[in-house]
Amino acid sequence: MKKFLIICLLFCSAFIGTGISTASAQCAMCSISAEQGTKNGNTQGKGLNSGIVYLLVIPYILIAGMGVLWYKKYRTTKLTQGS
């Protein structure tokens, strides 16, 4: 467990130390659409970026929920076996 924690801390510090403040990765069609929209005074880029973030957050929430359910199930079986 200690080795895993050290690896995670090194991995996180490598990304934090790079100095990247924002990510601006989009597909070619999305970026062209956003660029043309902002040139004409539209705010489509902000909506597009928030949609991308929304789509990226959902899998993390599902994985975290599964982890919590697994932890609760493991903990209850461990407590019933110990009694």
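Residues numbered from 1 in each chain as written. Predicted model: local features only at pLDDT ≥ 70, side-chain atom pairs only at ≥ 80, totals over all residues. Heavy atoms only, no water.

A. Summary view of the overall build of the chain. Per the secondary structure count, the chain includes 3 helices and 0 strands. Along the chain, helices and strands appear, N-terminal first, in the series α-α-α. Expressed as a percentage of the 83 residues in the chain, the buried residues total 4%. Carbon and sulfur atoms make up 71% of the accessible area of the chain, which totals about 7800 Å². (Helix = DSSP H or I, 4+ residues; strand = E, 2+ residues; numbered from the N terminus. Buried < 20%, exposed > 50% of the residue type's maximum accessible area, 1.4 Å probe, protein only. Areas by Shrake-Rupley, 256 points an atom, 1.4 Å probe, with all protein chains shown as cover.)

B. Representation of the packing of aromatic side chains within the structure. Under the criterion given, the structure shown has 1 aromatic pair. Both rings, one in Trp 70 and one in Tyr 74, keep their centres 5.9 Å apart while their planes meet at 15°; by these two values the pair is stacked. Of this pair, Trp 70 and Tyr 74 are both found in helix H3 (residues 44-82), 4 residues apart, which corresponds to roughly one turn of the helix. You can call Tyr 74 partly exposed: its relative accessible area is 46%. (Phe/Tyr/Trp six-rings, centres within 6.5 Å; stacked < 30°, edge-to-face > 60°.)

C. Expanded view of a nonpolar patch on the surface. Side chains of Tyr 54, Leu 55, Ile 58 and Leu 62 sit close together on the surface and give an oily, nonpolar patch of about 440 Å² of accessible area. Residue Leu 55 is classed as exposed on the basis of its relative accessible area, which comes to 58%. (Patch = residues over 30% accessible without salt bridge, like charges linked within 9 Å, V, L, I, M, F, W, Y side chains within 5 Å. Salt bridge = Lys/Arg side-chain N within 4 Å of Asp/Glu carboxyl O.)

D. Quick look at the confidence of the model for the chain. For the chain, per-residue confidence averages 75 on the pLDDT scale, and 71% of positions sit at 70 or higher. Ranking the elements of the chain by mean pLDDT puts helix H2 (residues 28-39) last, at 71, and H3 first, at 82. (pLDDT = per-residue confidence, 0-100.)

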